[in-house]
Amino acid sequence: MSSLGLDVGGANLKFFCNGYGGAIYLPMWKKAGELEKKLAVMAEEFNPGRVGAVITAELSDAFRTKVEGVKFVEKSIKKAFFDSDVYFLDVEGRFSKAANPPRRFAASNWVASVLLLAEEFDSFILADMGSTTTDLIPFKRKILAGRTDYERLKRGELIYTGVLRTPVFHVLPFFTAPLVPEFFAITADVFRVTGDIGPEHYTCETPDGRGKSVKECMQRIARQLCCDIEEAGIKLIRELAKEVKETIIKRIEKEVVSQSRKYGIERVVGCGIGEFLIEEVTMRANLEYISVNRVYGDYSSYFPAYAMARLVERV
């Protein structure tokens, strides 16, 4: 009997089944109505006996409340996989056939990753950097993180900076001049310019609706200084991109080091499309680094979905 793992996020629908997985860009704030259709295609393609799901899409402003968001996702999954045994994972690590009470199932994807990693390691900091956020979850024979996004934000366990969708001015308010607080460029533009990602990794929309070439990314970054490429010059734009990358690394390193000292944890397990940054952070912090890609296979960018497929087999 095959098992399908789902991680239904606000920007991406991630999945894993029968050795195959991936992420589908599905911005819930404008395409929530397409979720059930996408899931139905998966149901027909994989025909899973069991489905395990975690939910983070509830924070999308497509929904008035988190409860509404969780219920919407739950209903969509159950309708699409009516022939399968469907399970949801809550923030305490419990499986249930109903996402009830809904708030207990909100922002639960990191729990799946931790539960699977706990089978291999007795202590670690999970560092999962995705398109929008970075989760830093301390584990030492039990989960030590907060159970809500708000609690984790306060504790530095949730950093609202990702590899693709974060506005550049949010990361770096000042360079040679204040960066204007306009949605001109995002971190995907930065990492295209620094050479860390290719156009195939730039899966979200561009801020200006234009292309994803390095030149077009530079043009967007230049606008953060109220310039174009000709006015700012390529050298300055590359320096700005490099500074944004360095600022992100330093921010994550600060929180990783804080957790390491607070809990006495010397191991970081990195995953997500930003794993290349997590590895750099860990090296600078002089901590042990474990790559999800190297331990589990090429599942890093959708690890919660992979973890759910593995975990739900044993429910």
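Residues numbered from 1 in each chain as written. Predicted model: local features only at pLDDT ≥ 70, side-chain atom pairs only at ≥ 80, totals over all residues. Heavy atoms only, no water.

Peer 1: Hey, could you run me through the sheet that holds strand 9 (residues 158-159) in this one?
Peer 2: Strand order across the open sheet formed by five strands is 9-8-7-10-11, with mixed pairing between neighbours. Two strands close off the open sheet at either side, each with one partner strand: strand 9 and strand 11 (288-291). As paired strands, strand 7 (residues 123-129) and strand 10 (residues 267-271) are joined by four bridges and run parallel to one another. When the bridges of strand 10 are listed, Leu126 appears paired with Val269. Relative to strand 7, helix 4 (residues 109-117) is tilted by about 140°, and along the sheet it contacts strand 7, strand 8 (134-140) and strand 10. Contacts between helix 11 (residues 275-285) and the sheet are confined to strand 7, strand 8, strand 10 and strand 11, with strand 11 contributing the most and set at about 165° to the helix. (Pairing = 2+ DSSP bridges. Helix = DSSP H or I, 4+ residues; strand = E, 2+ residues; numbered from the N terminus. Contact = heavy atoms within 4.5 Å. Axes fitted to C-alpha atoms, helices over the stretch in contact; angles between N-to-C directions.)

Peer 1: Any chance you could explain the environment of Ala23 here in plain terms?
Peer 2: Following the sequence through the fold, Ala23 ends up in strand 3 (residues 20-25). In sequence terms Ala23 and Phe124 are 101 residues apart; their C-alpha atoms lie 26 Å from each other. Those residues within four positions of Ala23 in sequence are excluded, and the remaining contacts are Leu13, Lys14 and Phe15.

Peer 1: Where do I start with the pairing of strand 5 (residues 85-89) in this structure?
Peer 2: Remember that side chains alternate between the two faces of the sheet whenever the strand is regular. Among the five residues of strand 5, four are classified as buried, and the element is accordingly described as predominantly covered. Pairing analysis gives four bridges linking strand 4 (residues 50-55) to strand 5, with the strands arranged parallel. Residue Ala53 lies in a different strand from strand 5, and its bridge partner there is Phe88. A crossover links strand 4 with its parallel partner strand 5, the connecting element being helix 3 (residues 66-80), and its sense is right-handed. Here two bridges tie strand 5 to strand 6 (residues 95-96), and the two strands are oriented antiparallel to one another. (Buried < 20%, exposed > 50% of the residue type's maximum accessible area, 1.4 Å probe, protein only. Right-handed = clockwise from strand over helix to strand, strands pointing away.)

Peer 1: Help me out: how do you make sense of the layout of surface pockets in this one?
Peer 2: To find the voids left in a structure, one rolls a probe of water-molecule size over its atoms. Here the largest pocket defines a volume of roughly 650 Å³. As for the largest pocket, its lining consists of 32 residues, and the residues nearest its centre are Gly10, Thr56, Thr132, Thr133 and Tyr160. Among the secondary structure elements, those contributing two or more residues to the lining of the largest pocket are strand 2 (12-17), helix 4, helix 5 (149-154) and helix 13 (303-312). The volume enclosed by the second largest pocket comes to roughly 520 Å³. Taken together, 23 residues line the second largest pocket, and the ones lying closest to its centre are His201, Thr203, Gly272, Ile273 and Ser301. The dominant element in the lining of the second largest pocket, judged by the number of residues it contributes, is strand 3, at three residues. In terms of residue class, the lining of the second largest pocket is built from nine nonpolar, nine polar and five charged. (1 Å grid on protein atoms, 1.4 Å probe; cavity = no way out; pocket = protein on both sides within 12 Å on 5 of 7 lines; lining within 4 Å. Points joined across faces, edges and corners; volume = space filled by probe spheres on them. Nonpolar A, V, L, I, M, F, W, Y, C, P; charged D, E, K, R; others polar.)

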